[in-house]
Amino acid sequence: MAIRYINEISDLHGKKVFIRVDFNVPIDENQNITEDTRIRAVLPTINYALDASAKVILASHLGRPKGERKPKYSMAPAAKRLSRLLGKEVPLAPDCIGEDVQKMIDDMKPGDVLMLENVRFYEGEEKNDAGFAKALANGCDIYVNDAFAVSHRAHASVEAITKHFPIVAAGFLMKNEMNYFEKAMQNPIRPLVAILGGAKVSGKLEVLESLVNKVDKIIIGGGMAFTFLKALGYNVGKSLVEEDLLETALATYTKARNKGVKFYLPVDCVAADRFNPEAETKVTTIQEIPEEWMALDIGPATVTLFAEALQSAKTIIWNGPMGVFEMDAFSRGTFAMVSAVANSYALTIVGGGDTDSAVHRAGEYAKISYISTGGGAFLELLEGKHLPGIKVLEENGQ
């Protein structure tokens, strides 16, 4: 069934529109937002509702308060930033449910925006509790999900809440996410190349299993590459290896090769004598990693190899950095790959918080076709899973 989008709702005038957003943004120790991409990403949906003279109620989580009210996880910084971006006051409700909140909603005028307090201050949110969902929905007319990044979670403000609205729809951010995913995975222009990085194979095993059946090339970097390299018989020193997944890694590699998928692994690396920004480092081939050293980034020859493999690509999806890019000494591989992907002539889709950060730090985000706001949700879509938040949108569609 087709998803209904906010622009397909006939009349929003004066309606109380509950929008689930994802304002789970990075905040420093002084409660200042350090990066606001996720807030900016939902502005088209919020502005559309405001232009239609709706009353906009926003709900989000921040961090992991685990059902406790913790001031450091308050939505106050998000409400303040949104006020600046919209150019109008966005008051913060004292809670996300209850009589005080209800009074604030009832007093709203068309064109007003209200930010609810962190929904995860209640255990009922993560338990998908029906009672909590009903309390959240109380008094609102239309539900809009524009929080792709949490749509892989069956939480009260994502799934259970939809049962309490006559009209359920998705926002423009969700529309973008679904459209680009469809372009990349369901109807790609080939060659289709998948780049996977990050520390562990375990978190991306199911993604790999799925991708082997869909892509033309797979490029593996980051810590997870060394589980594959050890499985292939290389001595990788003290590099991160998941010993219990060696057989699985080898089986995945063999399956890819048998299907004619080109499978690229690092040929050299930046090795260090310890996991520390001040460690002694050197570039070495994979065969010559010293016994007591660990690989923390891909090397220059690997960057050249991977960049060459991207030359013919028409569609590229990327999740996970090539090394420990938070430390300057081990950031060059990731930033070089950002440049290679950004300057390719392909449709490029980047997903996952770390990869997103790397693209922004490298200053190349304007050249990427689409940067997904979802980490776990992006990966689960790649796995071919049906996300709970999207499933209910489809069931309540037109």
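Conventions adopted
Numbers given for residues are sequential positions, taken from 1 along each chain in its written order. With the structure being a predicted model, the display of local features is reserved for residues of pLDDT at least 70 and the display and counting of side-chain atom pairs for 80 or more, all residues being used for whole-chain, interface and lining totals. Only hydrogens and water are removed before side-chain values are computed, so all heavy atoms of the structure are retained for them. The numbering of helices and of strands both runs from the N terminus, where a helix is a DSSP run of H or I of at least 4 residues and a strand a run of E of at least 2. Contact between two residues is taken to exist if any of their heavy atoms lie within 4.5 Å; hydrogens are not considered. Between Lys or Arg on one side and Asp or Glu on the other, a salt bridge is scored when a side-chain nitrogen of the former is within 4 Å of a carboxyl oxygen of the latter. Exposure categories follow from relative accessible area, calculated using a 1.4 Å probe and restricted to protein chains: below 20% of the type maximum is buried, above 50% is exposed, and the middle band is partly exposed. We call two strands paired when DSSP finds no fewer than two bridges between them. Note on geometry: axes are lines fitted to C-alpha atoms, helical ones only across the stretch in contact, with angles between N-to-C directions running from 0 to 180 degrees. Surface patches are defined over residues having more than 30% relative accessible area and no salt bridge, joining like charges when they lie within 9 Å and nonpolar side chains (Val, Leu, Ile, Met, Phe, Trp, Tyr) when within 5 Å. Using a 1.4 Å probe, the Shrake-Rupley method yields the accessible areas, and only the shown protein chains count as cover for residues. Stacked, tilted and edge-to-face are the three classes assigned to paired rings of Phe, Tyr and Trp, where Trp is represented by its six-membered ring and a pair needs centres within 6.5 Å; plane angles under 30 degrees give stacked, over 60 edge-to-face, the rest tilted. A positively charged side chain is recorded as over a ring if its NZ (Lys) or CZ (Arg) lies within 6 Å of the ring centre. The angle to the ring normal must also be within 35 degrees. The rule is simple: put a 1 Å grid over the protein atoms alone, call a set of points where a 1.4 Å probe fits but cannot get out a cavity, call an open set with protein on both sides within 12 Å along at least five of seven lines a pocket, and count a residue as lining if it has an atom within 4 Å of a point. Grid points are joined across faces, edges and corners, and a volume is the space filled by probe spheres set on the points. Under the rule applied, a polar contact is a pair of N or O atoms within 3.5 Å (in protein, one hydrogen donor and one hydrogen acceptor; residues adjacent in sequence only if both atoms are side-chain atoms).

Asker: Explain the side chain of Lys16 residue by residue, including any values.
Answerer: Mapped onto the fold, Lys16 is located in strand 1 (residues 16-20). Look past the residues within four positions of Lys16 in its chain and what remains in contact with it is Lys55, Ile57, Ile105, Asp106, Gly139, Cys140, Asp141 and Ile142.

Asker: Describe in detail the pattern of salt bridges, supporting the description with residues and values.
Answerer: Tallying each qualifying case throughout the model produces 19 salt bridges. Close ionic contact of Asp216 with Arg190 constitutes a salt bridge, the shortest N to O distance being 3.1 Å. Here Asp216, found in the loop between helix 8 (205-211) and strand 7 (217-220), pairs with Arg190, found in the loop between helix 7 (172-186) and strand 6 (192-196); they are 26 residues apart in sequence, far enough to count as distant. Given a relative accessible area of 25%, Asp216 falls into the partly exposed group. Residue classification places Arg190 among the partly exposed residues on the basis of a relative accessible area of 43%.

Asker: A description of the sheet that holds strand 10 (residues 281-285) should follow, citing residues and the corresponding values.
Answerer: Spatially, the three strands line up as an open sheet ordered 10-9-11, and their pairing is antiparallel. Of all strands in the sheet, those bounded by a partner on one side alone are strand 10 and strand 11 (294-298). Each strand axis lies, on average, 40 degrees off the axis of its neighbour in the sheet, ignoring direction. Relative to strand 11, strand 9 (residues 268-272) runs antiparallel, the two sharing four bridges. Within the sheet, the bridge partner assigned to Cys269 lies in strand 11 and is Ile298. Taken strand by strand, helix 11 (residues 300-310) contacts strand 9, strand 10 and strand 11, and its axis lies near 40 degrees from that of strand 11.

Asker: Describe in detail a nonpolar patch on the surface, supporting the description with residues and values.
Answerer: Judged by side-chain polarity, Leu232, Tyr234 and Leu250 come together as a nonpolar surface patch covering roughly 220 Å² of accessible area. Counting through the fold element by element, Tyr234 comes out in the loop between helix 9 (225-231) and helix 10 (246-258). When its relative accessible area of 32% is taken as the criterion, Tyr234 is described as partly exposed.

Asker: Talk me through the sheet that holds strand 8 (residues 262-264); I want residue IDs and the actual numbers.
Answerer: Taken in spatial order, the six strands of this open sheet run 8-7-6-12-13-14, and their pairing is parallel. Edge positions in the sheet fall to strand 8 and strand 14 (370-371), since each of these pairs with one other strand and no more. Bridging between strand 6 and strand 12 (residues 315-319) involves five bridges; their strand directions are parallel. Within the sheet, the bridge partner assigned to Leu192 lies in strand 12 and is Thr315.

Asker: Describe the packing of aromatic side chains, listing the residues and the values that go with them.
Answerer: Scanning the entire structure with this criterion turns up nine aromatic pairs. With a centroid separation of 5.1 Å and 80 degrees between ring planes, the pair formed by Tyr253 and Phe263 is classed as edge-to-face. Taken together, the residues span a long stretch of sequence, with Tyr253 in helix 10 and Phe263 in strand 8 at a distance of ten residues. Look at Tyr253 and you get buried, because its relative accessible area is 16%. Joined through ring pairs, the aromatic side chains of Phe18, Tyr143 and Phe165 make up one cluster. Note that Lys175 overlies the ring of Tyr5, its terminal NZ or CZ placed 5.3 Å from the centroid. In this structure, Lys183 is placed above the aromatic ring of Tyr180, and the distance from its NZ or CZ to the ring centre is 4.7 Å.

Asker: I'd like a description of empty space enclosed by the protein, backed by residues and values.
Answerer: Inspection of the entire model under this criterion finds one cavity of 30 Å³ or more. In this structure, the largest cavity encloses a volume near 70 Å³. Residue lining of the largest cavity: 13 residues in total, with Glu177, Tyr180, Phe181, Ile349 and Phe378 positioned closest to the centre. Among the secondary structure elements, those contributing two or more residues to the lining of the largest cavity are helix 7 and helix 14 (376-383). Considering every element that reaches the lining of the largest cavity, the biggest residue donor is helix 7, with five residues.

Asker: Could you give an account of the side chain of Ser331, naming the residues involved and the relevant values?
Answerer: Within the fold, Ser331 resides in the loop between strand 12 and helix 12 (332-342). At a separation of 2.9 Å, a polar atom in the side chain of Ser331 contacts the main-chain carbonyl oxygen of Asp328. What Ser331 contacts, discounting residues up to four positions off in sequence, is Asp297, Val324 and Phe325.

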